[in-house]
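Reading the structure
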Amino acid sequence: MEIYSDFASVYDLFMEDVPYEAWNSYLVETLRNEGVANGLVCELGCGTGRMTRLLAGSGYDMIGIDASGEMLSIAKSRTQEGILYLEQDMREFELYGTVRAIVSICDSMNYLLEESDLLQVFRLVNNYLDPGGVFLFDLNTDYQFRERMGEQTYCEHREEGSLVWENYYDEVEKLNEYQLTLFIREKQGLYRKYEECHYERAYELEQVVRLLGQAGLEFVKACDGESHGPVRADSERIYILARECHKQK
C-alpha cells in the first residue's frame, strides 16, 4: 500500500504537537546565516505543506515536492500565493532550474532505505542548487529508533479518528518499521479502518558525510535537533547543513 494515502486525511490532526514554528525559526535563521534571506527554496517531502507555508511566510518563494498525491491535495487546498507543489519521488525529482536552497525536515530522508537512494537524492540536490547553494535537512538517529521508539505501541484518540502505532526497530539492519492502524470517522458517524506500514532507516553521520562528498556537496556542520549544539551520543534528531561546491558531469 502507498504510504501517506489514507493517513493523509488525518495527518495534521495527529501531528498537531510537532513544533513546526520552532523548526521554521531554526531553518530561517540558518538559511539567513548562510546568505539565503529570500529567493527560491525547495522543500523535499513537504507533505501537507505546513513547513512550506511557514517558509513562504518568512519571505521565500517555495516549491514543495512530495510523492503522495493525497498529501499534496491537502497542501494545495491550503496553499497561498508563491507556492508551487510537485508530485514527484525525491529520488527522481526535477526542477525547472536551480534554487538557492533545498530543505527537508520531519525525517523525510530516513524514508530512503538504501544508501544508493540517499546518494541519488544528494546528487539531484547538488544538480539543482545554485553555485554555493545550501542544503539543510534532518535525520532521526539510531539512538531515537533504538532507545525512544524501539518495540513500543502508541495510541492516540480524537473525535475525528484514532491511531494505533506499533513500532519495531531492527538494530542490526538499522531499519525501523511502524504499522499504523487508523480508524477514521465518516459522515455517517461510523469509523472505517485503514492500515499502512512505514519504514525508516537510521544512517550514521560519518556515512552521510561521505555520501554528501560523493555527490559534490561540501559538508558544513551537524547539530543536535533540539539544542542546536554539538551532536551527542543521545541526540534523537540531528540537522545537517551542506553546500554545493562543484557540479558533477
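Residue numbering note: each chain is counted from 1, following its sequence as written. Under the rules for a predicted model, residues below a pLDDT of 70 receive no local features and side-chain atom pairs below 80 are neither given nor counted, while totals for whole chains, interfaces and linings still include all residues. Excluded from the side-chain calculations are hydrogens and water; all other atoms, namely the structure's heavy atoms, are used.

**Description of the pairing of strand S5 (residues 129–140)**
Remark: exposure states derive from per-residue accessible area (1.4 Å probe, protein chains only) relative to the maximum for the residue type, with buried under 20%, exposed over 50%, and partly exposed in between. A run of DSSP states H or I qualifies as a helix once it reaches four residues; a run of E qualifies as a strand once it reaches two. Both are numbered from the N-terminal end. With nine of its 12 residues buried, S5 lies for the most part within the structure. Sheet analysis places strand S4 (residues 99–104) next to S5, joined by five bridges and oriented parallel. Along S5, the bridge assignment pairs isoleucine 102 with phenylalanine 135. A clockwise path from the first strand over the helix to the second, with the strands pointing away from the viewer, defines a right-handed crossover. In terms of handedness, the path from S4 via helix H5 (residues 115–128) over to S5 forms a crossover that is right-handed. Sheet topology places S5 next to strand S11 (residues 237–244); seven bridges connect them, and they run antiparallel. Residue pairing for S11: aspartate 138 is matched across the bridge by tyrosine 239. In this description, strands pair whenever DSSP reports at least two bridges between them.

**Quick word on the confidence of the model for the protein chain**
When pLDDT is averaged along the protein chain, the result is 90; 92% of the residues meet or exceed 70. A low-confidence stretch, residues 1–5 (pLDDT under 50), is modelled with 23 contacts involving residues beyond four sequence positions or located in other chains. pLDDT is a residue-level measure of predictor confidence that goes from 0 to 100. Residue contacts are counted whenever heavy atoms from the two residues lie within 4.5 Å of one another.

**Brief notes about helix H4 (residues 69–77)**
Listed in full, the buried residues belonging to H4 are Met71, Leu72, Ile74 and Ala75. Buried residues in H4, looked at end-on, bunch into an arc of 155°, giving them a common side. Directions drawn from the helix axis to the C-beta atoms are what define this arc.

**A few points about the sheet that holds strand S3 (residues 83–87)**
An order of S3-S2-S1-S4-S5-S11-S10 is seen for the seven strands of this open sheet, with the pairing classed as mixed. Two strands in the sheet have a free side with no partner beyond their single neighbour: S3 and strand S10 (217–224). Between one strand axis and the next, the sheet turns by 20° as a mean value, whatever way the strands run. Relative to S11, S10 runs antiparallel, the two being bridged by seven bridges. Of the residues in S11, the one forming a bridge with lysine 221 is leucine 241. H4 contacts strand S2 (60–66) and S3 of the sheet and is inclined by roughly 165° relative to S3. Here helix H7 (residues 205–214) sits on the sheet and contacts S5, S10 and S11; the angle it forms with S10, its principal contact strand, is near 155°. Helix axes are fitted to C-alpha atoms over the stretch in contact, other axes to C-alpha atoms as well, and angles between N-to-C directions run from 0 to 180 degrees.

**A few points about H5**
Multiplying one less than the number of residues by 1.5 Å gives the expected span of a helix. For H5, built from 14 residues, the straight-helix expectation of 20 Å at 1.5 Å per residue is met to within 8% by its first-to-last C-alpha distance of 20 Å. Those residues of H5 that fall on the buried side of the exposure criterion are Asp117, Leu118, Leu119, Val121, Phe122, Leu124, Val125, Asn126 and Tyr128. For H5, the elements touching its buried residues are strand S1 (39–44), S4, S5, H7, S10 and S11.

**Digging into the nonpolar core**
What we call a nonpolar core is a set of buried Ala, Val, Leu, Ile, Met, Phe, Trp, Tyr and Cys residues that are connected through their side-chain atoms within 4.5 Å. If you look at the biggest cluster of nonpolar residues, it comprises 33 residues, and the most contacted ones within it are Leu44, Met109, Phe122 and Phe135. Of all elements in the fold, only S1, S2, S4, H5, S5, H7, S10 and S11 reach the threshold of two or more residues within this core. In terms of residue count, the dominant contributor to this core is H5 (seven residues). Those residues in contact with methionine 109, other than ones at most four positions away along the chain, are Leu44, Met90, Ser104, Leu118, Val121, Phe135, Phe137, Asp138, Leu139 and Tyr203.

**Observations concerning the environment of valine 103**
Mapped onto the secondary structure, valine 103 falls in strand S4. Taking relative accessible area as the criterion, valine 103 reaches 1% and is therefore assigned buried. Between the C-alpha atom of valine 103 and that of leucine 124, which follows or precedes it by 21 residues, the distance is 13 Å.

**As for the side chain of glutamate 200**
By the element assignment, glutamate 200 lies in strand S9 (residues 191–201). Although glutamate 200 is buried, it forms no salt bridge, and the closest oppositely charged side chain is arginine 237 at an N-O distance of 7.4 Å. For this analysis, a polar contact is any N or O atom pair within 3.5 Å, provided that within protein one partner can donate a hydrogen and the other can accept it, and provided that sequence-adjacent residues contribute only side-chain to side-chain pairs. Here tyrosine 178 takes part through its side chain, which lies 3.0 Å from a polar atom of the side chain of glutamate 200. Charge assignment: positive for Lys and Arg, negative for Asp and Glu; neither His nor the chain ends contribute. Should a side-chain nitrogen of Lys or Arg be within 4 Å of a carboxyl oxygen of Asp or Glu, the pair is scored as a salt bridge.

**Focus on the packing of aromatic side chains**
The aromatic pairing rule takes the rings of Phe, Tyr and Trp, using the six-membered ring of Trp, and pairs them if the centres are within 6.5 Å, calling planes under 30 degrees apart stacked, those over 60 edge-to-face and the rest tilted. The tally for this structure, following the rule as stated, stands at nine aromatic pairs. With 5.4 Å between their ring centres and 40° between their planes, phenylalanine 93 and tyrosine 128 make a pair best called tilted. You can see phenylalanine 93 sitting in the loop between S3 and S4 and its partner tyrosine 128 sitting in helix H5, a full 35 residues away along the chain. An identical accessibility class is assigned to phenylalanine 93 and tyrosine 128; each is buried.

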